[in-house]
Amino acid sequence: MEKKDEILDHGQDYDGIKEYDNPLPRWFLLMFYGSILFSFAYMAYYTAKTWSIADASGRSANLAWSGARVAAEVREAESGHANFVPPEGDALLSFVRSPGNISRGEALFKANCVACHGENGQGVVGPNLTDRFWIHGGKPEEVLLSIAQGWPGNGMPAWGASQGPEKVHWLTAYVMSLRGRSVSNPKAPQGIEE
Amino acid sequence: MTTVRFDDKIVRMFLFATLFWGLVGMSVGVLLALQLADWRFNFEIPWLTFGRLRPVHTNAVIFAFAGNAIFCGVYYSSQRLLKARLFSDLVSRIHFWGWQLIIVLAACSFVMGITTGKEYAELEWPLDLMVAVIWLLFAFNFFATLARRREKHIYVALWFYIGTIITITVLHVVNSLAIPVSLTKSYPIYAGVQDALVQWWYGHNAVGFFLTTPFLGLMYYFVPKAAERPIYSYRLSIMHFWALVFLYIWAGPHHLHYTALPDWAQSLGMVFSVMLLAPSWGGMINGLLTLRGAWDRLRVDPVLKFFAAAITFYGMSTFEGPLMAIKSVNALSHYTDWTVGHVHNGALGWVALLIFGMVYWLVPRMWNTKLHSIALANAHFWLAMVGILFYIVSMWAAGITQGLMWKEFTADGLLAYPSFLETVTKMHPYYLGRALGGVIFLAGLIMLIINLALTIRAGRFSEGEIQVPEPKPIEHKPSHWHAVLERKPFLMAILALVVITIGGIVEMMPTFLIKGNIPTIASVKPWSPLELEGRDIYVREGCYACHSQMVRPFRDELARYGEYSRPGEFIYDRPFQWGSKRTGPDLHRVGGRYSNLWHLRHLEDPRLTSPGSVMPSYAFLTSGVLDLGHITRKIQVMKDLGAPYSEEQVRHAGRDAKWQARGIADDLRRNGVDVAPDREIIALIAYLQRLGTDIKKGGPL
């Protein structure tokens, strides 16, 4: 057992400051050695892991781990929606009237469309979606087409590829539900009246 | 026996500067806090917009407030520990006035938009040079004093000062290397991923070696002096000093988790941060256990109160730091206000409280009197505690709330908060809480200044003196292996240099030398001249203070922003603009997402398109005329640094810029808005529209 609180005699005078030479607390040493052990283990695990991923995917190892992680995360999340069968005709009509689909579409609209069509669809750069005028037609199939394929030449991006079929349908449901809604400062009508 | 008289006049000068800049820096901080609570505090004055003012605050509190405090404390304690007057009064004075001049010039240049755009290293190259000169003068003064010491061995406080001086020199030089374009603009020699790595190696160690090691040194002097107790453990000092110096350098990449930085570097950054916990706590233990036996005095002595609290906060933030460096925690905390809270945990809790304790102790001694009012100092202590509490709790709540909101999905697999703005307006109450905390903390500082002013008025200043046997230094034989080093401070400095270089080299060299670390992408092309000008405006306005340009590989970020960012996309980015805080959304994939008209309206008045936004209005960019005077030189510098521009492109840079600007102005006119093509806002829009789009032009990734 080492002595506690004994003044260390270096024989110096540090402006009157004295020093003990107490032993380091045991919990402190455990913490330190523990963190070093953890670090070695982590790096070994990491190295083994990235090598195997990089081999399997042919991807360079530099971001293999991050890349594989996101792929898995997205795959798992989307798995429930893989078997979406696009509704047609009457099925489409009832699909776009379903309140559930409308509210799903609303979330997507708020994220992607408000910049050009306004917070409530009243129109900004893109046309007003609440009036009865349509440039490319206001039937569900036509609106679906506008959204999925876009009108890139006129400033309307295509959303089919980035959002996938199910989300484009939800968006259509929401856009259809906007018609006739009263909004403040709507953009002047464009296109032909239904 | 001869009499050594210490140069305490210089200490007094640095002490006053500390208090003055503390007041300035914290006041600006309060203004910034108010700006985030209500955008109108930007006053629609370019000089006062958030992006330009933020570096004024960070630099003022770090390099002016903390910096002057370091010089004050180092000069006071070193003379006494070495039993020698500072080497040169003249060098000390040049050091003092040079540093103050740099601070004033820095503040002016930042509000004018002169900045390198690298956080905590925003100074442009002429000021960087001045910093280097003044810092080296400080180093010279310090080491020359060491050489004249009358105590053979050097005390632990001085080891920390040596470590600080050596490391800061290396950090500053390596991170500031840049090619000047003009007197007020330069491009770093590093680009993209490399720039990010160097910058955060610097950034993290600015915390480590400007806000930690020098203050640990000060703690080792002022705490035992004030408590009149021995240091708890000499061998703990040795162990935690060397461990800290060695380990700190490696931890930088924890600022870049899940970014386009290679995974292996991120992993290294994480494990070294975890290993830092124990050595950091070594400092806390040695500080707190030194106060053992003085606990009874804690109740009555405000100095000890401040010291005990400061050391406790040091322990807290060095626990929080490694925690946040763990990748899965960082996935939530990064880019949120949690980081801001963490910084202030250290800055207000550790650095500022230690400084307060130090000056409360110093002033009565230097002016040979008693502190004017102990009660006022105690009141200050409690105000400071309440201020910090408000600050940190608000930031924890804000950061965790916002981080969770960003990541939340509905059962249908959609973002629960698709509109980023919604997560911004939710922050309002927390931002008010933070501003309140700042005001309270600042009020405490004002009380300190009044208290010290009254103390000084009542006292009489005199320089300290001691009697020493002349002429020989006092000799002792080393009693411990480490004591051998303590007799050879220059050897110790070289050893410290070696120790800190290892981590930097191991982490940085591979990204510079091994091509596979940053795979190029064929479709990624250099910026057009107009876009480059737009980018420089983005840097000038400090948009990076609120916006990241780094989509991380998470499901929510893919859904919100698009494809995650690849290392090869940033190879022409000088400086990199990945950012560290998302007060606004990430902008890496904003190109093509909105129309030119939308950007124009949004930049001129963000509330128009995004009600409730806290982004400042940039209407002044519509009246500002773009200065194309340096464009040929800018493109030439980029070409020299490796961007594949042709001779033609360099020669016709100005013409090309005007041509592209006309295209955007025409588009705006078609949509009903007239903006002259020579306006700054056109260049900024050109840049925003290009951001993150090149990758889409190529084949599959």
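Everything numeric here is computed off the predicted structure, so don't read it as measured data.

Enquirer: So, the overall build of chain B: which residues are in play, and what are the values?
Expert: Along the backbone of chain B there are 28 helices and 4 strands. The C-alpha radius of gyration of chain B comes to 26 Å, within 12% of the 27 Å expected for a compact globule of 701 residues. Across its three principal axes, chain B shows a C-alpha extent of roughly 85 × 50 × 45 Å. Every one of the 701 residues in chain B was classed for burial, and the buried ones make up 67%. Partitioning the contacts of chain B with sequence separation of at least 6, the portion at a separation of at least 24 is 82%. Of the roughly 23500 Å² of accessible surface on chain B, 68% is carried by carbon and sulfur atoms. Taking the average location of the 63 positive side-chain charges in chain B and that of its 49 negative ones, the two points are 7 Å from each other.

Enquirer: Just give me the short version of the interface of chain A and chain B, but keep the residues and values in it.
Expert: The partner chain B presents 72 residues to the 56 residues of chain A that form the contact. Across the chain A to chain B interface the summed buried area is about 5600 Å²; carbon plus sulfur atoms make up 62%. If you look at where chain A meets chain B, you find 4 salt bridges. A salt bridge links D5 of chain A to R292 of chain B; its shortest N-O distance comes to 3.1 Å. Where chain A packs against chain B, one counts 14 residue pairs in polar contact (both at pLDDT 80 or more). Listed by contribution, the elements that provide at least two residues to the side of chain A that touches chain B are helix 1 (26-57), helix 2 (64-78), helix 4 (99-112) and helix 7 (160-178) of chain A. With 11 residues, helix 1 of chain A is the single largest residue contributor to the side of chain A that touches chain B.

Enquirer: Summarise the domain arrangement of chain B; cite the residues concerned and give the values.
Expert: The figure often quoted for interface size is the accessible area lost as the parts come together. Residue and element names in this part refer to chain B. According to the domain assignment, chain B consists of domain 1 (2-459 + 485-507) and domain 2 (529-690). One C-alpha centre belongs to domain 1, the other to domain 2, and the line joining them spans 33 Å. At the interface, 61 residues of domain 1 touch 53 residues of domain 2. Interface area for domain 1 against domain 2, summed over the two sides, is near 4900 Å², with a carbon-plus-sulfur share of 64%. When the buried area of domain 1 at its contact with domain 2 is split by residue, Y187, Y335 and F420 rank highest and sum to 16% of it. The interface formed by domain 1 and domain 2 holds 4 salt bridges in total. Joining domain 1 to domain 2, the criterion identifies 16 residue pairs in polar contact (both at pLDDT 80 or more). At the level of secondary structure, the elements contributing two or more residues to the side of domain 1 that touches domain 2 comprise helix 2 (50-82), strand 2 (178-182), strand 3 (185-188), helix 6 (192-210), helix 12 (327-333), helix 13 (337-366), helix 14 (374-407) and helix 15 (420-425). For the side of domain 1 that touches domain 2, the element with the most residues is helix 6, which contributes 6 residues. Partitioned by chemical class, the residues of the side of domain 1 that touches domain 2 number 32 nonpolar, 19 polar and 10 charged.

Conventions used here
Residues numbered from 1 in each chain as written. Chains lettered and ligands numbered in written order. Predicted model: local features only at pLDDT ≥ 70, side-chain atom pairs only at ≥ 80, totals over all residues. Heavy atoms only, no water. Helix = DSSP H or I, 4+ residues; strand = E, 2+ residues; numbered from the N terminus. Rg over C-alpha atoms; globule rule 2.2 N^0.38 Å. Buried < 20%, exposed > 50% of the residue type's maximum accessible area, 1.4 Å probe, protein only. Contact = heavy atoms within 4.5 Å. Areas by Shrake-Rupley, 256 points an atom, 1.4 Å probe, with all protein chains shown as cover. Lys, Arg positive; Asp, Glu negative; His and termini not counted. Charge placed at Lys NZ, Arg CZ, Asp CG, Glu CD. Buried area = accessible area lost by both parts, 1.4 Å probe. Salt bridge = Lys/Arg side-chain N within 4 Å of Asp/Glu carboxyl O. Polar contact = N/O pair within 3.5 Å; in protein donor to acceptor, adjacent residues only side chain to side chain. Domains from an automatic or database assignment. Nonpolar A, V, L, I, M, F, W, Y, C, P; charged D, E, K, R; others polar.

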